[in-house]
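Okay, here's what each chain looks like letter by letter:
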Amino acid sequence: MNTQFRKGAIEMCILALIGIQERYGYELVQAIGRYTEINEGTVYPILRRLTQEEYVSTRLAESPHGPARKYYRITPKGKKHLEALKGDWFALSQLVNSILGGEQHDEK
């Protein structure tokens, strides 16, 4: 799969998952890993960028199993961004599915 295309889809999945509930980084890797092969080297740079762009916020919490964990939660700005990404995704999916399904449209 194209790397840039995959990163965009992973970004959307990360926002969707933390939109449901706040999560720490490795927990996101595990959740996405149930569906596709992924590693921390893919997820953490996306989380840093999403934090810098204020789509997510963070908090540190003590962990009973080691060092404190950084939890990520979606911000109102992030919710708007996720909705825009989802709209783009569904429109693109519909277009691609139409073309792959052999649907014919008149030329514009």
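To be clear, the structure that these remarks concern was listed above.
As a starting point, this report considers the structure included with it. As the structure is a prediction and not an experimental result, all values here were calculated from the model. (Residues numbered from 1 in each chain as written. Predicted model: local features only at pLDDT ≥ 70, side-chain atom pairs only at ≥ 80, totals over all residues. Heavy atoms only, no water.)

## So, the sheet that holds strand 3 (residues 66–74)
Working step 1: Taken in spatial order, the three strands of this open sheet run 1-3-2, and their pairing is antiparallel. This sheet does not close on itself; its edge strands, each paired only once, are strand 1 (23–24) and strand 2 (56–63).
Working step 2: In this structure, strand 1 lies alongside strand 3, joined through two bridges in antiparallel fashion. Looking at strand 3, one finds that Tyr24 is bridged to Tyr71.
Working step 3: Relative to the sheet, helix 3 (residues 40–52) contacts strand 2 and strand 3, its axis offset from that of strand 2 by approximately 120°. (Pairing = 2+ DSSP bridges. Helix = DSSP H or I, 4+ residues; strand = E, 2+ residues; numbered from the N terminus. Contact = heavy atoms within 4.5 Å. Axes fitted to C-alpha atoms, helices over the stretch in contact; angles between N-to-C directions.)

## A short note on helix 4 (residues 76–100)
Working step 1: In a regular helix each residue adds 1.5 Å, so 25 residues correspond to 36 Å; helix 4 covers 36 Å between its end C-alpha atoms and thus fits that length.
Working step 2: By the burial criterion, the buried members of helix 4 are Gly78, His81, Leu82 and Ser98.
Working step 3: One or two residues past the end of helix 4 sits Gly102, with phi positive at roughly 85°. (Expected span 1.5 Å × (residues − 1). Buried < 20%, exposed > 50% of the residue type's maximum accessible area, 1.4 Å probe, protein only.)

## A look at the packing of aromatic side chains
Working step 1: Within the structure shown, the criterion is met by one aromatic pair.
Working step 2: Arg59 extends its terminal NZ or CZ atom over the ring of Tyr71, reaching a point 4.8 Å from the ring centre.
Working step 3: Of note, Arg69 hangs over the ring of Tyr24, and the distance from its end group to the ring centre comes to 4.1 Å. (Phe/Tyr/Trp six-rings, centres within 6.5 Å; stacked < 30°, edge-to-face > 60°. Lys NZ or Arg CZ within 6 Å of the ring centre and 35° of its normal.)

## A closer look at the pairing of strand 2
Working step 1: Direction of pairing for strand 2 relative to strand 3: antiparallel, over a ladder of seven bridges. Residue Val56 lies in a different strand from strand 3, and its bridge partner there is Ile74.
Working step 2: Between strand 2 and strand 3, which pair antiparallel in sequence order, lie two residues.

## Details of unusual backbone geometry
Working step 1: Phi angles above zero are rare outside glycine, and Glu54 is one such case at about 65°.
Working step 2: Relative to the elements of secondary structure, Glu54 occurs in the loop between helix 3 and strand 2.

## Here we look at the side chain of Glu11
Working step 1: The residue Glu11 is located in helix 1 (residues 3–20) in this model.
Working step 2: Residue classification places Glu11 among the buried positions, given a relative accessible area of 9%.
Working step 3: Discounting chain neighbours no more than four positions away, the residues touching Glu11 are Ile46, Arg49, Leu50, His81 and Leu85.

## Description of the nonpolar core
Working step 1: By size, the foremost hydrophobic cluster in this structure holds 20 residues, and its most contacted members are Ile14, Leu15, Leu28, Val43 and Leu50.
Working step 2: Of all the elements in the fold, those that place two or more residues in this core are helix 1, helix 2 (25–33), helix 3 and strand 3.
Working step 3: Considering each element in turn, this core owes the most residues, six residues, to helix 1.
Working step 4: Not counting residues up to four positions away in its chain, the partners in contact with Val43 are Ile14, Gly25, Leu28, Val29 and Ile38. (Core = buried A, V, L, I, M, F, W, Y, C linked by side-chain atoms within 4.5 Å.)

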